[in-house]
Amino acid sequence: RLSILPAHLVITSTRMEMSQDACGIVCGVITWMLVFYAEFVVLFVMLLPSKNLTYSLVNGTVFNTLAFLALASHFRAMCTDPGAVPTGNATKEYIESLQLKPGQVVYKCPKCCSIKPDRAHHCSVCKRCIRKMDHHCPWVNNCVGENNQKFFVLFTMYIALISLHSLVMVVFHFLYCFEDDWTKCSSFSPPATVILLILLCFEALLFLIFTSVMFGTQVHSICTDETGIERLKGEQARWEKTSCWEAMKSAFGGPFSPSWLSPFSDLRCKRDPNDHVALPQGEIIEEDIIEIPLV
């Protein structure tokens, strides 16, 4: 027996919301600080002192564009509701409003007292159930779920790209400084230049590996239509899996277009008119498994 909620009655939201987890807030701030550090080294240590204007303009434009898109994607992943199920809706009145068929079964989350749709899981950090929750990521201070997975994928992709770009520029700058006078290849002293470049190289290499793995994991989860939690728990697929391409279109908000790469586009082309349906009030039921009685 499956927990089945009609799709048109599953309340969704794309409101801006941020977790109050202290660890997540610190990780989010650190993420922005690391990007700004890379920006500082790239601009003031490598590009502005360069004698090649074309090299500086091209690389500066590419790096700053990717950095802007990375931070915008991070902001959207951090502040977009990942698909939270309304808490405290496990009431008799709400279940009756779902108009379920006799014999169907619904499940109540004992922690947040919400009626759990299929494939929803409770997050102990956010203290709520999330639809198609993949995992809770402290780096975006939010869960990665149905509504914000696209932004998380874009964030990992753009961070990986700026990390790779930074590594390439560091290598070229070291070669340039070895061939030229170290006092002329940077606005800083040679020791300071070396330290700044080594720190950037270490940061870029670390995050290139980390975000590349995360990007690949997320794309794999989307293509297999299986979230990280479902894979970790070894849950059997009780849902009808979609093809890889259809799953990608669902995750990124429609048919392939340049908007797939934009953190400024919404996931859905059309708003669900039931997005802001008021929840029926009532007393929370005690049972965790509720079966609709046969007539």
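Parameters at a glance
- Residues numbered from 1 in each chain as written.
- Predicted model: local features only at pLDDT ≥ 70, side-chain atom pairs only at ≥ 80, totals over all residues.
- Heavy atoms only, no water.
- Helix = DSSP H or I, 4+ residues; strand = E, 2+ residues; numbered from the N terminus.
- Buried < 20%, exposed > 50% of the residue type's maximum accessible area, 1.4 Å probe, protein only.
- Phe/Tyr/Trp six-rings, centres within 6.5 Å; stacked < 30°, edge-to-face > 60°.
- Contact = heavy atoms within 4.5 Å.
- 1 Å grid on protein atoms, 1.4 Å probe; cavity = no way out; pocket = protein on both sides within 12 Å on 5 of 7 lines; lining within 4 Å.
- Points joined across faces, edges and corners; volume = space filled by probe spheres on them.
- Nonpolar A, V, L, I, M, F, W, Y, C, P; charged D, E, K, R; others polar.
- Salt bridge = Lys/Arg side-chain N within 4 Å of Asp/Glu carboxyl O.

The subject of this paragraph is unusual backbone geometry. The backbone of lysine 132 sits at a positive phi, close to 50°, despite the residue not being glycine. Looking at the element boundaries, lysine 132 is found in the loop between strand 4 (128–131) and strand 5 (135–137). Take lysine 132: its relative accessible area is 30%, and that puts it in the partly exposed class. In the Ramachandran plot, asparagine 141 falls in the positive-phi region, its phi being about 50° despite a non-glycine side chain. Examined against the element boundaries, asparagine 141 turns out to sit in the loop between strand 5 and strand 6 (142–144). We classify asparagine 141 as buried; its relative accessible area is 0%.

With that settled, consider the packing of aromatic side chains. In the structure shown here, the tally under the stated rule is 10 aromatic pairs. Taking the centre distance of 5.4 Å and the plane angle of 40° together, the rings of tryptophan 245 and tryptophan 260 count as tilted. Note that tryptophan 245 is positioned in helix 7 (residues 244–252) and tryptophan 260 in the loop between helix 7 and strand 7 (289–291), a separation of 15 residues in sequence. Taking relative accessible area as the criterion, tryptophan 245 reaches 46% and is therefore assigned partly exposed. A ring pair is formed by phenylalanine 252 and tryptophan 260, whose centres lie 5.1 Å apart and whose planes are at 25°; its orientation type is stacked. Accessibility expressed as a relative area gives 7% for phenylalanine 252, which makes it buried. A relative accessible area of 5% places tryptophan 260 in the buried class.

When you line up the elements, histidine 173 lands in helix 4 (residues 149–179). Accessibility expressed as a relative area gives 6% for histidine 173, which makes it buried. Excluding residues within four positions of it along the chain, histidine 173 makes contact with Val45, Met46, Cys185 and Leu197.

For the structure on display, the rule yields three cavities of 30 Å³ or more. What the largest cavity holds in volume is close to 200 Å³. Lining the largest cavity are 20 residues, and of these Val35, Ile159, Ser163, Glu203 and Phe207 lie nearest its centre. Of all the secondary-structure elements, those providing two or more residues to the lining of the largest cavity are helix 1 (22–47), helix 4 and helix 5 (190–224). The class makeup of the residues in the lining of the largest cavity is 14 nonpolar, five polar and one charged.

In the structure shown here, the tally under the stated rule is five salt bridges. Across the salt bridge formed by aspartate 225 and arginine 119, the nearest N and O atoms sit 3.0 Å from each other. Remark: arginine 119 occurs in the loop between strand 2 (115–116) and strand 3 (120–123) and aspartate 225 occurs in the loop between helix 5 and helix 6 (228–233); sequence separation between them is 106 residues. Arginine 119 matches aspartate 225 in its accessibility class, with the two residues each being buried. Here the salt bridges share partners, and the residues they tie into one network are Arg119, Lys132, Asp225 and Glu230.

Everything listed is a geometric property; what it means functionally is a separate question.
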